Amino acid sequence: MTDFTNKVAIVTGASTLIGAGVVRAFAGAGARVVMADINEADGKKVASELGDGVAFRFTDVTKDDDIDACIAFAEKQFGGVDYHVNLASTYLDNGIHTSREDWLTSLNVNLVSAMVFADKVAPVIAKRGGGAIVNFASIAGKVAQPGRMTYSAAKAAMLQVTRNAAMQLRPRNIRVNSVSPGWTWSNIMVQLTENKREKADSVAKPFHIIERTGDPAEVAAAVLFLCSDQASFITGTDIAVDGGYTAIGPEGMVDAVAMLAE
Ligand SMILES: NC(=O)c1ccc[n+]([C@@H]2O[C@H](COP(=O)([O-])OP(=O)(O)OC[C@H]3O[C@@H](n4cnc5c(N)ncnc54)[C@H](O)[C@@H]3O)[C@@H](O)[C@H]2O)c1
């Protein structure tokens, strides 16, 4: 594990399970972290557990003034910024029936705000000689899923803007990559299963080669790797942290050839 002592990260969407997993991983590796989220209650709870090196800052990523204030806070509190993680998201989505207003809200939170934030934080990262940005994409940006449209479109676009941003931020010595989680143990799963991890794992089993949901810590490990010097020649790409979800073809994990002989 890389030592991130004296490094500073801003993580948006940091308050719930996956975001907090990224924050915990950074803090565990010695980094100081600004948690930028609109969920103040959960965010402050996580920050208070992790001590003085982690600070919650209320930040609505759709508001330019909030983004500016968050970056200024990171500079004042911790002396600068080295890494930025765009994780904030909304599942607001009604498939093809999504209203124009909801389309625009979804794209604003899930996509546009990430690039506005990246543009604003890049000069600050450059002041420290460069660093890295990690965007959260998803399996949802690679394949169709029932009932989804706006979220998937935003995540597919996230994969593309990652490539563009990598090219455009190269002069500032900033690498830009994304992670695409598969089904990950997260707030929505806690709610839907009434906190039964075994149930989430058994539903996820048939369509993940690793036959379970992922853990926030497993996603966080990929984020930290992409920020670390070990990833010094990696930019403009995606790491699938999806337990093999996107490696499986239409036959699933069924031995269809064997079925021919039955
Ligand atoms: N849960 C999964 O299985 C899964 C799978 C693939 C990708 N992902 C991605 O992982 C990330 C986290 O997902 P999650 O399931 O934990 O979602 P979540 O809804 O629990 O967390 C999203 C966070 O973003 C915050 N947020 C929402 N709007 C915001 C705004 N305007 N400004 C600032 N913060 C805002 C929320 O308060 C919340 O803390 C997302 O980018 C998601 O697309 C999740």
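Residues numbered from 1 in each chain as written. Predicted model: local features only at pLDDT ≥ 70, side-chain atom pairs only at ≥ 80, totals over all residues. Heavy atoms only, no water.

K.L.:
With reference to specific residues and values, describe the pattern of salt bridges.
P.N.:
Throughout the structure, instances matching the rule amount to eleven salt bridges. We note a salt bridge from R24 to E49, for which the minimum N-O separation is 2.9 Å. Here the residue R24 occupies a position in helix 1 (residues 17-28), and E49 occupies one in helix 2 (residues 40-50), the gap between them amounting to 25 residues. The exposure class of R24 is partly exposed, given its relative accessible area of 37%. Across the pair K127 and E75 runs a salt bridge, and its minimum N-O distance is 2.7 Å. Of this pair, K127 sits in helix 4 (residues 100-127) while E75 sits in helix 3 (residues 64-78), and the two are 52 residues apart along the sequence. By relative accessible area, K127 is classed as exposed at 62%. Three or more residues are tied together by salt bridges with common partners; here these are R197, D201 and D215. (Salt bridge = Lys/Arg side-chain N within 4 Å of Asp/Glu carboxyl O. Helix = DSSP H or I, 4+ residues; strand = E, 2+ residues; numbered from the N terminus. Buried < 20%, exposed > 50% of the residue type's maximum accessible area, 1.4 Å probe, protein only.)

K.L.:
Kindly report on a nonpolar patch on the surface, identifying the contributing residues and their values.
P.N.:
A grouping of Y91, I188 and L192 is seen on the molecular surface, where their side chains present a nonpolar patch of about 300 Å² in accessible area. Residue position: I188 is located in helix 6 (residues 187-193). (Patch = residues over 30% accessible without salt bridge, like charges linked within 9 Å, V, L, I, M, F, W, Y side chains within 5 Å. Areas by Shrake-Rupley, 256 points an atom, 1.4 Å probe, with all protein chains shown as cover.)

K.L.:
Go over the sheet that holds strand 6 (residues 174-181), please, and point to the residues and values.
P.N.:
Spatially, seven strands are ordered 3-2-1-4-5-6-7 in an open sheet, and the strand pairing comes out parallel. The strands lining the two open edges of the sheet, one partner per strand, are strand 3 (54-58) and strand 7 (238-241). Neighbour-to-neighbour, the strand axes of this sheet turn through a mean angle of 20°, independent of strand direction. Across six bridges, strand 5 (residues 131-136) lies against strand 6 in parallel orientation. Paired with I133 across the strands is V176, a residue of strand 6. Along the sheet, helix 2 contacts strand 2 (32-37) and strand 3; its crossing angle with strand 3, the most-contacted strand, is approximately 165°. Helix 5 (residues 150-169) rests against strand 4 (83-86), strand 5, strand 6 and strand 7 of the sheet, and its axis sits at about 165° to strand 6. (Pairing = 2+ DSSP bridges. Axes fitted to C-alpha atoms, helices over the stretch in contact; angles between N-to-C directions. Contact = heavy atoms within 4.5 Å.)

K.L.:
Before we move on, could you go through the environment of A258 and cite the residues and values that matter?
P.N.:
Tracing the backbone shows A258 in helix 9 (residues 256-260). Through-space distance from the C-alpha of A258 to that of S106 is 44 Å; in sequence the pair is 152 residues apart.

K.L.:
Lay out the state of the cysteines in plain terms, naming residues and giving numbers.
P.N.:
Counted according to the given criterion, the structure contains zero disulfides. Not engaged in a disulfide, the cysteine C70 finds its nearest cysteine sulfur in C227; these two sulfurs lie 15 Å apart. (Disulfide = S-S within 2.5 Å.)

K.L.:
Describe unusual backbone geometry, and please don't skip the residues or the numbers.
P.N.:
Although it is not a glycine, E194 sits at a positive phi angle of roughly 50°. Following the sequence through the fold, E194 ends up in the loop between helix 6 and helix 7 (197-204). For N195, which is not glycine, the phi torsion reads 70° and is therefore positive.

K.L.:
Please set out the site of the ligand residue by residue, giving values where relevant.
P.N.:
The local shell around the ligand holds 27 residues, among which D37, Y91, Y151, T184 and S186 are the closest. Contact distances for the ligand include 2.9 Å between a nitrogen atom and a backbone N or O atom of V61. The separation between a nitrogen atom of the ligand and a polar side-chain atom of S186 is 2.8 Å. Compared with its free state, where it exposes 820 Å², the ligand has 90% of that area covered by protein. When contributions to the shell around the ligand are tallied by element, the ones reaching two or more residues are helix 5 and helix 6. Classifying every residue of the shell around the ligand gives 13 nonpolar, eleven polar and three charged. (Near = heavy atom within 4 Å. Polar contact = N/O pair within 3.5 Å; in protein donor to acceptor, adjacent residues only side chain to side chain. Nonpolar A, V, L, I, M, F, W, Y, C, P; charged D, E, K, R; others polar.)

K.L.:
Please provide a residue-by-residue account of the nonpolar core, values included.
P.N.:
Ranked by size, the top nonpolar core spans 31 residues in total, and within it V22, F26 and F136 carry the most contacts. Elements represented by at least two residues in this core include exactly strand 1 (8-12), helix 1, strand 2, helix 2, strand 3, strand 4, strand 5 and helix 8 (216-227). When residues in this core are grouped by element, the largest group, seven residues, is from helix 8. Among all residues touching F26, those that are not within four sequence positions of it are F4, A9, V11, A31, V33, Y83, V85, V223, L224 and C227. Counting residues in hydrophobic clusters, the runner-up holds 26 residues, among them I67, A74, A122 and V176. (Core = buried A, V, L, I, M, F, W, Y, C linked by side-chain atoms within 4.5 Å.)

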